[in-house]
Structures are given as C-alpha cells and as structure tokens.
Amino acid sequence: MSSTSEAGKLSSPTSSHTFHHFSLAEIQSATNDFDDELVIGKGGFGKVYKGHIRIEENIHVVAIKRLDSMSDQGDTEFRAEIEILSKLHHRHLVSLIGFCDDNEEMILVYEYMPNGTLYHHLHKAETPLNWVRRLKIAIGAASGLEFLHTGVDIQQGVIHRDIKSSNILLDENWAAMISDFGLSKTGPANNQSFSDVDRSVSVKGTFGYLDPEYFYTRRLTRKTDVFAFGVVLFELLSGRLAVDIYLNEEQCSLVKWARKCVKDRKVDQLVDSSIRGTIFPKCLRRFVQIADSCLYPVPKGRPSMTEIVASLQVLLELHEKSDNYVVSSSKMRFAWKIHKYLVPTKKECGNTSSQKSPENKTNQKLVTRDLKKFTYSELQRATRYFGDDSHLGDGRYAEVHKGWIDNTTYSPSKDDSAFPITIKRLRHYKNLDLETLKGFRHPNLVKLLGYCSECEQLFLVYEFMPNGNLQDGLHSGVVAQLPLDKKVKIAVGIARAIVFLNKIRGEVTVREPQLQRRKILLDEVQSKLL
C-alpha cells in the first residue's frame with residue numbers, strides 16, 4: 001500500500017476539508033484488487049469494499065465505494081457527492097476521506113462504519129436492535145438531516161432526496177450517520193423555498209420512501225426528506241420493509257399499512273415482535289404521532305426536522321424516566337407448562353355435534369371458587385373476535401391472543417385502556433385439572449384468572465405480561481442495560497419461583513421444571529415466571 005502524495009490532495013475553496021486523490025493502484029492494493037471477499041455492501045450503484053489504506057504514516061480502515069459503469073449513478077452524482085461533502089462536516093454525516101477517478105473509475109473512500117447499515121440490522125441481522133437503540137438512531141439521523149436542511153456553517157440548505165434505512169450507517173458506538181449524497185440538491189438556507197430547484201429534471205429517490213407530492217408535481221422541498229424520514233421511523237418501529245411484495249395488497253406498502261393502523265387506532269400492531277412490550281405506552285403513542293405527521297399528504301402540514309429532533313429527544317427523556325419501559329422490578333413469573341395437566345385428543349372445534357362428549361361433561365364440572373368461567377362469546381368480545389390485532393403468537397400447544405376485561409367484574413371491554421389479559425387457545429386437549437392448576441399461586445408465577453370450555457375447545461385466561469420474555473430481553477440488549485441490583489432481583493425472583501415449584505412437587509404430580517428463558521415473562525411492575 002503506497003502512501004498518497006501531497007499533490008494528490010484536493011481542497012475545496014469553500015471549505016477547510018482536504019480530500020485525498022487516490023490512485024487506482026492504491027485502491028486495488030487496499031481491496032486486494034477488488035476481492036469479492038471484502039465486499040460489505042452492494043446496490044444499483046455497484047459494490048462497497050472494506051479496505052486498509054495508507055494515508056501519510058497511518059493505516060486507515062475505510063469503506064471503498066466503486067461505482068459500476070452500468071450504474072444509474074454517473075459522473076454527475078459522483079462529482080456532486082464530492083462537492084457537497086467538501087462543504088459539510090457533522091457528527092451524524094458520514095465522512096468522505098478521498099476519491100479516485102483514474103482510468104474513468106468513479107471510486108469514493110469513506111470512513112468505515114463497523115456496524116453497517118440500519119437496513120441490515122432491521123431486516124437481516126439475527127440479533128434485533130432494542131427500542132432505546134432504535135430511538136437513539138432515529139435522533140441521530142434526524143440531527144444529521146436537520147443540519148443539512150438548516151444550512152448551518154454552509155449558508156446553503158441541502159435536500160438529501162434519498163433518505164432510507166440503507167443510507168443510514170452505524171459507527172462503533174451505534175451512532176447514526178447519513179450517507180450517499182449523490183442525489184442531493186443545494187438551495188437557500190433557513191426557511192426559504194427552493195421547491196423549483198429540481199422541476200426541470202426527472203424525479204429521483206427510492207420507491208417506498210418517495211413523497212407522492214414530489215412524484216406528481218416535481219416540487220422538491222425539505223418536506224420531501226421529511227416524508228422519507230417518516231417512513232424510516234415506521235421502519236424502525238415495525239421492523240418491516242418500506243415495500244414488501246410478499247405481503248398482501250393492504251400491507252405491502254409500509255406507508256399505507258402504518259397510516260391505516262394509526263387511523264384504526266391499532267398502533268400495537270405496528271410494533272416489531274422483537275421489541276413488543278418494551279415501549280412505554282405513552283412513548284409509543286407519541287412516536288407514532290411523530291412518524292405519522294411526517295407522512296401528512298400536504299407537505300406544509302409536515303413538521304420540520306428541527307421540530308422532529310426536539311420531539312424525539314423529549315421522547316427519549318420520557319422513556320428513560322419511566323420505570324415501565326423495560327423490566328423495572330424485582331420479580332419474575334414462571335409460565336408453567338399447562339400441557340402437563342392436559343390429556344391429548346384428536347377432536348377439533350369444527351365438530352358441532354349437539355351430543356356432548358364425556359370430556360365436555362367432565363369439564364362442565366370443573367368450576368372453582370377462585371377462577372372465572374368465561375363464555376366463548378365473552379372471550380370473542382374481549383379479543384375483538386380473535387382478530388389479527390389481538391394475535392400475539394403461536395406455540396406448539398396453544399394459540400395466544402391479547403384481550404381486555406373490566407378489572408372488577410372481568411366482563412369483556414372494548415377499551416384498550418382496560419385490564420389486559422392473555423388468552424391461550426389450547427390445541428387438541430381435554431380434561432383440564434383446574435384444581436391442580438389453582439394450586440400454582442405465587443407472586444412469581446403468572447396468575448391464572450379463568451378458563452373457558454366450549455365447542456370442545458379449552459381456553460386459559462392469564463394476566464397479561466406487557467414486557468415480553470427474558471429471552472427476547474437478552475437478545476435485544478434490554479436486560480443488559482439494567483443496573484446490577486435489578487439483575488440480581490431478577491435472579492432472586494426466578495429462584496423463588498423454582499423453590500416454590502419444588503416444594504409443591506411432594507403434594508401434586510409435577511415433573512422436574514425445564515427452565516427456559518422464553519418462559520420467563522416480564523410485567524410492568526415485576527418480573528415473573530410462566
């Protein structure tokens with residue numbers, strides 16, 4: 001790897017930034033002659049390589065973006081990115097180190113971002129981002145975009161025109177960095193309009209993030225970026241692609257689906273399953289409001305990036321002050337394996353014979369003083385008729401739904417602010433020993449509230465655990481962020497539940513517990529074992 005000569009540096013007359021003009025030989029050396037083993041990204045522009053390049057006396061780890069000769073991004077975009085980044089420097093904008101234009105090559109050399117793209121972590125990574133990290137990424141990206149729009153230090157505003165999750169990079173500290181300025185346009189700073197700056201050329205951007213108003217009118221404004229950022233916010237919340245052709249027509253567009261969920265007041269459906277239960281409800285509602293306001297059809301009705309940054313920062317403060325947004329207490333509940341007390345059957349709900357089976361007669365007798373016997377109609381109303389918005393997941397032994405009941409009477413409620421419950425629709429079982437299950441009462445065990453036995457189906461009704469399970473909390477990093485005393489209390493809660501279960505093994509037939517992290521659930525006040 002040869003060193004770059006002083007003559008190979010390029011300074012912008014309007015900035016103190018100095019770029020290195022690398023030779024093709026230096027780039028080839030840094031990438032092992034463009035070895036595919038070093039490719040860390042690819043797209044319509046070409047490939048991005050991880051490389052090591054010498055600058056003066058030091059070796060730097062860099063990202064080398066080589067534009068394909070067949071790419072839609074040509075010399076104009078290549079020069080535009082160099083020009084714009086020569087004038088911009090901000091902690092949330094990617095840093096351009098240099099370029100190479102030897103032999104008609106178009107190569108850009110950037111600071112290397114160890115954590116890759118936001119797109120990768122939302123849609124491809126095995127370990128999901130936790131909610132706090134997603135919120136901080138949103139704030140960082142919004143801050144970078146605000147800097148572009150306001151024209152601080154450059155006396156010009158910049159419209160990015162291609163804001164999307166794949167253009168948001170993450171450094172070693174997970175700070176968000178906006179990248180790819182090839183389509184960017186400059187214009188007046190502050191709040192002056194430069195909506196006509198691009199009306200003479202074709203519309204640029206990425207479908208799924210593209211502002212419909214800009215698409216139809218070619219009026220380019222800062223609010224064009226705001227719309228795209230709103231899509232990114234919903235992408236952060238839901239973990240869904242901006243456009244997913246494998247989903248049905250109502251859901252393939254993230255924008256249409258998200259706005260419908262907001263309109264129907266079903267914002268819980270928008271939350272990525274990997275972070276469900278870790279967001280303080282008030283924070284969730286406010287975040288959805290911010291994202292939805294960015295997608296307002298009329299650009300003038302959308303907030304500015306300055307307003308968005310301020311709103312997101314307030315949200316983060318609210319979230320950090322709340323004791324409810326993650327596991328915030330000392331106890332855990334054990335989700336005991338109910339199937340240990342059920343006898344398998346091959347009959348399913350579709351059998352509507354008027355003749356009651358022996359097992360149904362048995363179940364009719366299993367009414368206890370402490371458990372409510374729900375009717376099937378009551379459970380239907382409590383779960384919005386077992387609709388998709390109430391569906392929490394499927395397991396080997398049960399289909400799980402969320403419902404709402406009155407805290408005092410246990411009657412069904414249509415109000416989402418009512419007492420939440422978890423309803424398990426058990427598969428292919430009969431003869432439920434409720435008297436035995438009633439004995440599993442302990443502060444660290446999930447509380448069984450009631451049951452339903454109709455239509456040859458069995459339903460068990462539990463208290464709802466809003467903060468998910470320990471396995472997800474560990475994978476998402478939520479538990480890792482807890483102070484040591486809370487982690488110790490979690491361990492103590494698990495131990496107390498196990499001691500209790502071992503104690504009652506002499507009184508009832510109980511198999512040796514198989515402790516599983518996904519069976520340890522977390523509520524808003526205390527953590528419990530299921």
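Computed from a predicted model, the values in this text were never measured in an experiment.

Draft legend 1. Highlighting the pattern of salt bridges. By the definition in use, this model includes 13 salt bridges. Between lysine 87 and glutamate 83 there is a salt bridge; the shortest N-O distance is 3.0 Å. Between arginine 259 and aspartate 292 there is a salt bridge whose closest N-O contact spans 2.9 Å. Of this pair, arginine 259 sits in helix α7 (residues 254-263) while aspartate 292 sits in helix α8 (residues 281-294); the two residues are 33 residues apart in sequence, bridging distant segments of the chain. Taking the relative accessible area as the measure of exposure, aspartate 292 reaches 16% and is therefore buried.

Draft legend 2. Region of interest: the packing of helix α6 (residues 222-238) against helix α9 (residues 305-321). Packing of α6 against α9 leaves a shortest axis separation of 11 Å and a crossing angle of 25°. Put simply, α6 runs roughly parallel to α9. Helix-helix and strand crossings are classified by hand; for α6 and α9 the assignment is right-handed. In this structure, α6 uses Val226, Phe229 and Leu233 to contact α9, whose residues at the interface are Met305, Ile308 and Leu312.

Draft legend 3. Highlighting the sheet that holds strand β14 (residues 372-373). Spatially, β14-β19-β20-β17-β16-β15 is the arrangement adopted by the six strands of the open sheet, whose pairing is mixed. At either end of the open sheet lies a strand with only one pairing partner, and these are β14 and β15 (391-394).

Draft legend 4. Region of interest: α7. Along α7, the residues that are buried comprise Leu254, Val255, Trp257, Ala258 and Cys261. The elements touched by buried residues of α7 are α6. One or two residues past the end of α7 sits arginine 265, with phi positive at roughly 60°.

About the thresholds
Per chain, residues are indexed from 1 in the order of the written sequence. Per-residue local features of the predicted model are confined to residues with pLDDT of at least 70, and side-chain atom pairs are confined, for both listing and counting, to 80 or more; whole-chain, interface and lining totals are unaffected and use all residues. Where side-chain values are given, they derive from all heavy atoms of the structure, hydrogens and water being excluded. Only one rule defines a salt bridge in this text: a Lys or Arg side-chain nitrogen within 4 Å of an Asp or Glu carboxyl oxygen. Note on conventions: DSSP H or I runs of at least 4 residues are helices, E runs of at least 2 residues are strands, and numbering of each starts at the N terminus. Relative accessibility decides the category of a residue: with a 1.4 Å probe and only protein chains considered, values under 20% of the type maximum give buried, values over 50% give exposed, and everything between is partly exposed. A fitted line through C-alpha atoms serves as each axis, taken over the contacting stretch for helices, and the angle formed by two N-to-C directions is quoted from 0 to 180°. The labels follow the angle: roughly parallel below 35 degrees, roughly antiparallel above 145, roughly perpendicular from 65 to 115, and oblique for the rest. Left-handed describes a crossing in which the near helix is turned anticlockwise from the far one by less than a right angle; the clockwise case is right-handed. In what follows, residue pairs with any heavy atoms lying within 4.5 Å of each other are defined as contacts. Between any two strands, pairing holds if DSSP finds at least two bridges.

The values reported here are purely geometric and, on their own, carry no functional implication.
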